[in-house]
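A structural walkthrough
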Amino acid sequence: MSDEGYCVLLFDSVSSTLLAERTLKKKGISHKVIPVPRQISSDCGVCIRFRPELREEIVSTLKGAVEFRDICTL
Amino acid sequence: MMKEIDARGLACPEPVVLTKKALDRHQEITVIVSEKVSEENVRRFAESMGCRVSLVRRDADVYLTITRPAHSDTAAQPDRPDVSCRPAAEPAQGPAAAVIASDIMGSGSDELGAILMKSFIHTLIDIDPRPDILIFLNNGVKLAVSGSEVLDDLEDLSGKGVDILVCGTCLGFFDIKDKLAVGRVSNMYEIAETMLKARKVIRI
């Protein structure tokens, strides 16, 4: 699968995903909005995919700005 | 005199029903039909009853002479034989095309629509069957130029054999022709032709 090796941030709502996307864009952190992979169940259909090495930076950037539910490795 | 049934212009399954009725009482009949589907149905029915069928074409009409073997008893069969009234469907042919005429999916919220479009295009990589052709029009062409957030996905799709057509008029209108990063510039002739030749067109 094309998303293998990436991590995804899961959110409880699309609006949280949108907010996180905006925040990451502003900071210029590389990421991509993708549909939640089939093997992961989520109420929200979209998530944010990123390279594992950006994990710390992303978590600290979103801290206090957007709540996310989980981070999964694909 | 041989029994003659004029079933020209009759709607299915009437020709077969009349054929059956006539065969119940006569050893040899001639059925005249004008439709291909009636010809097929009558012939198939007669053959299924063990009859001999000979066929003569006169102009648009077909004369089927049907001879029932002495031992066969069509009267024992149901009066409305099981007949398919539709011509055999031709197998679907041609490519499946998706027309992407906007950079957002659906209407209501543009922000949500942008997310849905990104999600849609990314999904195309993994689903089966994939569309064979993607046609980008109007605002949709912005998805295929440098800076687009789905460029990597479109490149991936292109690498997997998906043909990506991008409307040249539209690129020109937005003055982004030099920014095209994936697919090829196309014109309305090719776009219209592609849509009309497609087995299936999905409009996003």
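The present account deals with the structure reproduced in this document. (Residues numbered from 1 in each chain as written. Chains lettered and ligands numbered in written order. Predicted model: local features only at pLDDT ≥ 70, side-chain atom pairs only at ≥ 80, totals over all residues.)

Overview of the overall build of chain B
Helices and strands together make up the secondary structure of chain B, namely 6 helices and 9 strands. A buried classification covers 31% of the 204 residues belonging to chain B. Counting only contacts in chain B whose residues sit at least 6 apart along the sequence, the fraction spanning at least 24 positions is 68%. (Helix = DSSP H or I, 4+ residues; strand = E, 2+ residues; numbered from the N terminus. Buried ≥ 20, exposed ≤ 12 C-beta atoms within 10 Å, placed from the backbone. Contact = placed C-beta atoms within 7 Å.)

Side note on the nonpolar core
Residue and element names in this part refer to chain B. In terms of nonpolar packing, the biggest core is built from 46 residues, with I135, F136 and A144 touching the most fellow members. Ignoring anything within four residues of it in the chain, the contact list for F136 reads I100, V141, L143, A144, L165, V166 and C167. Formed by 15 residues, the second largest nonpolar core is a distinct cluster that contains I5, F45, V62 and L64. (Core = buried A, V, L, I, M, F, W, Y, C linked by C-beta atoms within 7 Å.)

Notes on the interface of chain A and chain B
By a widespread convention, an interface's size corresponds to the accessible area lost as its parts come together. On the side of chain B, 10 residues touch chain A, which itself brings 8 residues to the contact. Where the side of chain A that touches chain B is concerned, the elements lending two or more residues are helix 1 (14-27) and strand 2 (32-35) of chain A. Sorting elements by how many residues they give to the side of chain A that touches chain B places strand 2 of chain A first, with 3 residues.

So, unusual backbone geometry
All names here are of chain B. Cis geometry marks the peptide bond from C12 to P13; its omega dihedral reads 10°. You can see P13 is positioned in the loop between strand 1 (3-6) and helix 1 (14-25). The peptide bond linking D128 to P129 adopts the cis configuration, its omega dihedral lying at 0°. If you check the backbone angles, D59 has positive phi at about 55° while not being a glycine. For D59, the position within the fold is in the loop between strand 3 (52-58) and strand 4 (61-67). Notably, D175 is not glycine yet its phi reads approximately 60°, a positive angle. Residue placement: D175 occurs in the loop between helix 5 (168-173) and strand 8 (184-186).

Remarks on the pairing of strand 2 (residues 28-33) of chain B
Moving residue by residue along a regular strand, the side chains alternate between the two faces of the sheet. All names here are of chain B. Residues I29, V31 and V33 point to one face of strand 2 and are all buried, whereas E28, T30 and I32, pointing to the other face, are not buried. Bridge analysis of strand 1 against strand 2 gives 4 bridges, and the strand direction is parallel. Bridged to K3 within strand 2 is I29. Each parallel crossover has a hand, and the one from strand 1 via helix 1 to strand 2 is right-handed. Here 6 bridges tie strand 2 to strand 4, and the two strands are oriented antiparallel to one another. (Pairing = 2+ DSSP bridges. Right-handed = clockwise from strand over helix to strand, strands pointing away.)

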